[in-house]
Each structure stands twice: as structure tokens, then as C-alpha cells.
Amino acid sequence: MQHFLEVLKILDGAVNADRNKVLAYAEQLAAKLEANGDPRSAEGIRRTVRKGRTRDLEASRMTSALPVDGESRLALADERSYAAGEVRIVFDASSAERVAEFVRNIRGSAELMAGGVNLSPSLLMYGPPGCGKTEIAKYVAAQLDLPLLTARTDSLISSYLGSTAKNLRLLFEHAMSRPCVLFLDEFDAVAKLRDDQHELGELKRVVVSLLQNIDALDSNTVLVAATNHEHLLDRAIWRRFAFRLQIGLPTLVARRTLLEQFLAGQAPPAIPLEDLAIATEGMSGADIRTLCEEARRTAILNRQTGITDRDLLLRLARNRIADLDTLSTRDQLASARRLSPKLFTVRRLADLFSVSTGKVSTLLRKEGTT
Ligand SMILES: Nc1ncnc2c1ncn2[C@@H]1O[C@H](COP(=O)(O)OP(=O)(O)OP(=O)(O)O)[C@@H](O)[C@H]1O
Ligand SMILES: [Mg+2]
């Protein structure tokens, strides 16, 4: 029989309630029929596939009641949809490429499946706090036009023995009820090493249950997880993720773009963004955002036309130099100068720390930081 393979695969998908498989092989069958000179049958099949896909999309927009913790009655997750363009992330080139590849793989999952390649749509992000992991989860959901179901770690982890595993099951079942992105933020809280000496058997059970839930996910649920403590993750957990992405502190180019974005055209003209970007080395995206937003707030409340260089530099110095206000004037001047000789000129230092330019020069000379 012609096209026996496709018919068999469609049947197999139907018997195992795997909608994606059914639709993928139906598309493949349509393509073969068309190639063999039967465009009418091909179109008939494609119409049915389109109907199926539209229904999936509609179902994904319908939010059913969120599951709750049995004891506290708190919701185990939040759900929100994001429009493309609503989430603006500044990526470095390799992260951008990796995230785009993840999205491309999911969009093309039907073709991949038809080609016999199985895809587990899962991404694990790790790296220091405030560098955009949570934002990337929103971005992925927006790109895929799927709702983002963010687990609430605090309500997920129940103080009652055994309830955490039950909560995980409820959460995963809810996620599987329609296509969505399930986001497990602060993932280490539930995925800690099983041999952690300080924890009891409960934690081991939680990890085992997490593994089982991940394994039971179908290809309609995109799984995204994020952690700041990747060394705490169980090795078996790592293996479950097809895509792993380390998100580091922003590069110089990224910091410049972040500054541009967060200062929103209000940067003081006397301060080149390039120098500011150099001086923010080691700051996270979240730190840079806070710096810029605080400066903008001050400008608005003081009814200034824009951010003043004094305010911005003082905030930068306070952020980058530990306990700036408790240091001696000499140490304050020297550390600001070391941070950026271009930004912290003698004139500016005199203004910032209320000393004469002559004294600044003398103190810097003594420190050897002129
Ligand atoms: N690369 C980035 N591009 C754009 N915005 C960023 C970036 N990194 C950080 N931010 C800003 O910092 C804020 C915090 O970032 P986010 O919550 O995504 O960090 P995170 O890596 O998830 O941190 P944590 O590990 O603490 O949860 C965001 O709301 C965003 O405004
Ligand atoms: Mg986060």
C-alpha cells in the first residue's frame, strides 16, 4: 500500500493521544500526495490539519483555574501572556543565537518529528542574578505566542511532608492541559542534589518526582528553568534539558546598549556612554537598570530637564565602590579615580566630594592615582 508509513504513524499518534505526531505525519502525507499528483486529497488533509492547529491555539489562550497548594490555598503558579516586542532583551551574540535556535526548534517541531528526530523542548538557564534569565523566559513565550506559566516556588514547596511532590504533579498536569511555556524559576529550590547532607529524605522524593514529571511532559509543553546556583542541581536534572544556556554578566557592548535603553535619551551630554559602559563592568543588567532609573527619578522629582552628571556619577561610585560614604576623602577620591579616570576628572571629583581641585590633585598624587 502506498503511503503506508504515514498512515501507520498517524494511527500510532492517535492511539497514543499524541496530537503533534498526528498533525506532523498528516502534513507529510499531504506533501507526498501532492508530489504524486493528487493535490485535491492533499488540500483536504491540510484543511483538517489547519483546523487542528487553530484549535490548539485557541485552547492555549483559554486559562483554566490555576492549581493551588492544599494547605495554604495559594496558587502554585502565575500565568501571563506577553506580546512580541513587549520584552526587550539585550543579548550577547552567542546567547541570542542559542535562544533563537531553541525557538526555531520548537516552531519546527512538527517537521522535526516527521523527519524522525525527537525534540524535548526544554531550556535550562543558569548564571548570576539580575542578568535577564526571567526576561528570556518571557521572551521565549512571546516568540512562541504561548502563555507563560511561572511556578511560584514559595507555594510549591510545602512545609507538609509529601505535599511538595503532590504540588509538582498538580502544576505539571495543569501545564499539560494546553500548550504553554512552563517556567520553573529559582529551579535549585526544587532540583537540589539528592545527596545534599543537610536535607532529609523529603528532598530526594521531590527530585525524583520532579524527574518523573519532566519525563512525562509531552511535546506541547515547553519547559524553561532558571537558577543562580547551578552547582546545586542534581546531575540527572541537567540531562533532562536539551538546551542549556549560561547567562553571564553583560559584555561591554551589551552594557552600552542597556545604558542607552534605560537612560532613555536622558544621559548627560558631558558623559560619553562608552566611558560609562566601561565603568559599569561587573554590574548586572538589573544593577544598570536600577542605576539609570534612580537617576531618572531624581531628575523628574527635582524638575530638571535631564539627568545631571553629578547625580549619575555619584550613584555609579556608590554602586561600584563598597561603603563609599564611610571611606576617608583620600580613599574616596582614589577609588573613584581608579574606577574611571575619564569620568572622574579632577574637576568632577572636587565637585562630587566637596573639596578644592588643588586638594584633589594633591591627594591623588599622594595616592599615586593621578
Ligand atoms: N540582558 C538584559 N536585557 C534587558 N534587560 C535586562 C537584562 N538583564 C537584566 N535586565 C533587567 O534587569 C531586570 C532583572 O532581570 P531578570 O529578572 O531577568 O534577571 P534574572 O537573571 O532572572 O535574575 P535572578 O537570577 O535574580 O532571578 C529585568 O527586569 C530587566 O529589566
Ligand atoms: Mg529571575
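Here we summarise the structure given alongside this text. Computed from a predicted model, the values in this text were never measured in an experiment.

## Describing the pattern of salt bridges
Phase 1: Summed over all chains, the structure comprises 21 salt bridges.
Phase 2: Between Arg 169 and Glu 173 there is a salt bridge whose closest N-O contact spans 3.6 Å. Highlighted residues: Arg 169 and Glu 173, both in helix H8 (residues 163-176), separated by four residues, approximately one helical turn.
Phase 3: The class of Glu 173 is partly exposed, set by a relative accessible area of 44%.
Phase 4: Residue Lys 342 is joined to Asp 275 by a salt bridge in which the shortest nitrogen-to-oxygen separation is 3.9 Å. Of this pair, Lys 342 sits in the loop between helix H16 (329-339) and helix H17 (346-352) while Asp 275 sits in helix H13 (residues 273-279), and the two are 67 residues apart along the sequence.
Phase 5: Note on Lys 342: relative accessible area 59%, which makes it exposed.
Phase 6: Among the charged side chains, a network of salt bridges with common partners joins Arg 256, Glu 260 and Glu 274.

## Considerations on the sheet that holds strand S1 (residues 77-80)
Phase 1: Taken in spatial order, the six strands of this open sheet run S1-S3-S4-S5-S2-S6, and their pairing is mixed. Strands with a single pairing partner mark the edges of an open sheet, and in this sheet they are S1 and strand S6 (243-246). Taken pair by pair, the neighbouring strands of this sheet meet at an average axis angle of 20 degrees, ignoring direction.
Phase 2: Direction of pairing for strand S4 (residues 180-184) relative to strand S5 (residues 221-227): parallel, over a ladder of five bridges. Looking at S5, one finds that Cys 180 is bridged to Thr 221.
Phase 3: Running at roughly 160 degrees to S6, helix H4 (residues 93-107) makes contact with strand S2 (122-126), S5 and S6 of the sheet.

## Observations regarding the site of ligand 1
Phase 1: What surrounds ligand 1 is a group of 16 residues, the closest being Gly 130, Lys 133, Thr 134, Asn 228 and Arg 289.
Phase 2: Between Gly 130 and ligand 1, the recorded distance is 2.7 Å, taken from a backbone N or O atom to an oxygen atom.
Phase 3: Here an oxygen atom of ligand 1 sits 3.0 Å away from a polar atom, N or O, in the main chain of Glu 135.
Phase 4: Protein chains bury 81% of the 630 Å² of accessible surface belonging to ligand 1 in isolation.
Phase 5: Taken together, the elements giving at least two residues each to the shell around ligand 1 come down to helix H6 (133-144), helix H12 (252-263) and helix H14 (285-301).
Phase 6: Residues that form the shell around ligand 1 fall into these classes: seven nonpolar, five polar and four charged.
Phase 7: Each of domain 2 (77-246) and domain 3 (249-320) contributes no fewer than three residues to the shell around ligand 1.

## Observations concerning the side chain of Gln 332
Phase 1: As for its placement among the helices and strands, Gln 332 is situated in helix H16.
Phase 2: Assessed through its relative accessible area of 9%, Gln 332 is described here as buried.

## Remarks on unusual backbone geometry
What is expected of a backbone is that most residues other than glycine have negative phi and most peptide bonds are trans.
Phase 1: Positive phi outside glycine occurs at His 3, with the angle close to 60 degrees.
Phase 2: Mapped onto the elements, His 3 comes out in the segment before helix H1 (4-15).
Phase 3: For Ser 354, which is not glycine, the phi torsion reads 50 degrees and is therefore positive.

## So, the packing of aromatic side chains
Phase 1: Evaluated as defined, the whole model comprises four aromatic pairs.
Phase 2: For the ring pair Phe 102 and Phe 243, a centre distance of 5.1 Å and an interplane angle of 65 degrees mean the geometry is edge-to-face. Taken together, the residues span a long stretch of sequence, with Phe 102 in helix H4 and Phe 243 in strand S6 at a distance of 141 residues.
Phase 3: The buried category is assigned to Phe 102, whose relative accessible area is 1%.
Phase 4: Residue Phe 243 is classed as buried on the basis of its relative accessible area of 7%.
Phase 5: Between Phe 187 and Phe 241 the ring centres are 5.7 Å apart and the planes differ by 80 degrees, which places this aromatic pair in the edge-to-face class. A residue pair is termed long-range when its members are at least 10 positions apart, and Phe 187 in the loop between S4 and helix H9 (188-191) and Phe 241 in the loop between helix H11 (235-239) and S6 qualify at 54 residues.
Phase 6: Relative accessible area serves as the criterion here: at 0%, Phe 187 is assigned to the buried category.
Phase 7: The exposure class of Phe 241 is buried, given its relative accessible area of 2%.

## Describing the state of the cysteines
Phase 1: With the rule as written, the count across this model stands at zero disulfides.
Phase 2: Cysteine Cys 131 is unpaired, with the sulfur of Cys 292 as its nearest cysteine sulfur at 15 Å.
Phase 3: Look at Cys 131 and you get buried, because its relative accessible area is 15%.

## Regarding the environment of Leu 146
Phase 1: Looking at the element boundaries, Leu 146 is found in the loop between H6 and strand S3 (148-151).
Phase 2: Overall, the relative accessible area of 12% leaves Leu 146 in the buried class.
Phase 3: Separated by 67 residues in the primary sequence, Leu 146 and Glu 79 place their C-alpha atoms 10 Å from one another.

## A word on the packing of H12 against H14
Phase 1: Close contact between H12 and H14 brings their axes to 9 Å; oriented N to C, the two are set at 30 degrees. Crossing handedness for the pair H12 and H14: right-handed. Within the contact between the two elements, H12 uses Arg 255, Leu 258, Leu 259, Phe 262 and Leu 263 and H14 uses Gly 285, Ile 288, Arg 289, Cys 292 and Arg 296.
Phase 2: For the contact of H12 with H14, the residue count by class is six nonpolar, one polar and three charged.

The rules behind the values
Residues numbered from 1 in each chain as written. Chains lettered and ligands numbered in written order. Predicted model: local features only at pLDDT ≥ 70, side-chain atom pairs only at ≥ 80, totals over all residues. Heavy atoms only, no water. Salt bridge = Lys/Arg side-chain N within 4 Å of Asp/Glu carboxyl O. Helix = DSSP H or I, 4+ residues; strand = E, 2+ residues; numbered from the N terminus. Buried < 20%, exposed > 50% of the residue type's maximum accessible area, 1.4 Å probe, protein only. Pairing = 2+ DSSP bridges. Axes fitted to C-alpha atoms, helices over the stretch in contact; angles between N-to-C directions. Contact = heavy atoms within 4.5 Å. Near = heavy atom within 4 Å. Polar contact = N/O pair within 3.5 Å; in protein donor to acceptor, adjacent residues only side chain to side chain. Areas by Shrake-Rupley, 256 points an atom, 1.4 Å probe, with all protein chains shown as cover. Nonpolar A, V, L, I, M, F, W, Y, C, P; charged D, E, K, R; others polar. Domains from an automatic or database assignment. Phe/Tyr/Trp six-rings, centres within 6.5 Å; stacked < 30°, edge-to-face > 60°. Disulfide = S-S within 2.5 Å. Left-handed = near helix turned anticlockwise from the far one by under 90°.

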